[in-house]
Amino acid sequence: CLQMWFGYVLTQDTSLQKMLNIVGPKRSGKGTIARVLGELVGKANRCGPSLNDLGKDEFALWSWIGKQLAIVSEVRLGKKTDREVIMERLLQIIGEDFLSVRRKGIDNWEGKLNTRIMVLSNSVLNLQDEAGAFVSRLIVLATTNVFEGDKQDIHLMDDLRKEFPGILLWALEGLRKLKAAGKISQPKSGLAMLEETIEATTPAQHPWEDV
């Protein structure tokens, strides 16, 4: 799944209409995965937004224009953050909708954002998706091994950069597999996390509540 995702992000294709959420504790490899993929696509082709900005800043999508990858590592939401706005914007981007993006002092940018979204979180996402449209677009990967203390390698990124030619070939092989399969399937290892996300994001409707 991760190999296919790497290959997918290296292209301009957004037709899968999927978002990746990597869920796991601190020092479980989420940041390393994001840094490797971010360096593969290049600084000019990535952005690092926060979900809070999507819910509060009317100019938040400006930095997404022309970016292949958005790495969201800040998912803590403030009390004044509009979760419905966050959900609407995420679904618009993932669903390849035509957008009008506000920019300060200049005309709005209009078009489709070719940005794949990867969210890193310590726990499952807790947004507002009563229709269930968001979770149908979501792929969840769980990182469970913690690398700290004697297991922590402070030179890991330096070593991985030396392996970038091989990592790129690995990603291109993932792209070949993706084209053959036609989709990225939800891995079994992340199913429990996906179920938790569904429960957190889609509130249960009780009989006594107004419909």
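Quick note: structure is the one above.
Residues numbered from 1 in each chain as written. Predicted model: local features only at pLDDT ≥ 70, side-chain atom pairs only at ≥ 80, totals over all residues. Heavy atoms only, no water.

Backbone geometry at Arg27 places phi at a positive 60°, although glycine is not the residue there. Along the chain, Arg27 falls in the loop between β1 (19-23) and α2 (30-41). With relative accessibility at 47%, the residue Arg27 sits in the partly exposed group. Positive phi is not limited to glycine here, since Glu96 has a value of about 65°. Structurally, Glu96 can be placed in the loop between α4 (83-94) and β4 (99-103). Glu96 gets classed as partly exposed once you look at its relative accessible area, which sits at 25%. (Helix = DSSP H or I, 4+ residues; strand = E, 2+ residues; numbered from the N terminus. Buried < 20%, exposed > 50% of the residue type's maximum accessible area, 1.4 Å probe, protein only.)

It is possible for side chains of opposite charge to pair when their charged atoms get near one another. In this structure the tally under the stated criterion is five salt bridges. With a shortest N-O distance of 2.8 Å, Glu39 and Arg161 are connected by a salt bridge. Separated by 122 residues along the polypeptide, Glu39 in helix α2 and Arg161 in helix α5 (residues 156-162) bring together distant segments of the chain. Residue classification places Arg161 among the partly exposed residues on the basis of a relative accessible area of 37%. Residue Glu96 pairs with Lys112 through a salt bridge whose shortest N-O separation is 3.8 Å. A residue pair is termed long-range when its members are at least 10 positions apart, and Glu96 in the loop between α4 and β4 and Lys112 in the loop between β5 (106-111) and β6 (116-121) qualify at 16 residues. Each of Glu39, Asp158 and Arg161 takes part in salt bridges that share partners, so that together they form one network. (Salt bridge = Lys/Arg side-chain N within 4 Å of Asp/Glu carboxyl O.)

Let us now look at helix α7 (residues 191-201). Every buried residue of α7 is listed here: Leu194, Thr197 and Thr201. Summarising the axial view, the buried residues of α7 lie within an arc of 55°, below the 170-degree limit, and thus occupy one face. The outward face of α7, more than 90 degrees from its buried face, is lined by the exposed residues Ala192 and Glu199. In this structure, the buried side of α7 is in contact with α4 and β7 (138-142). (Arc of directions from axis to C-beta. Contact = heavy atoms within 4.5 Å.)

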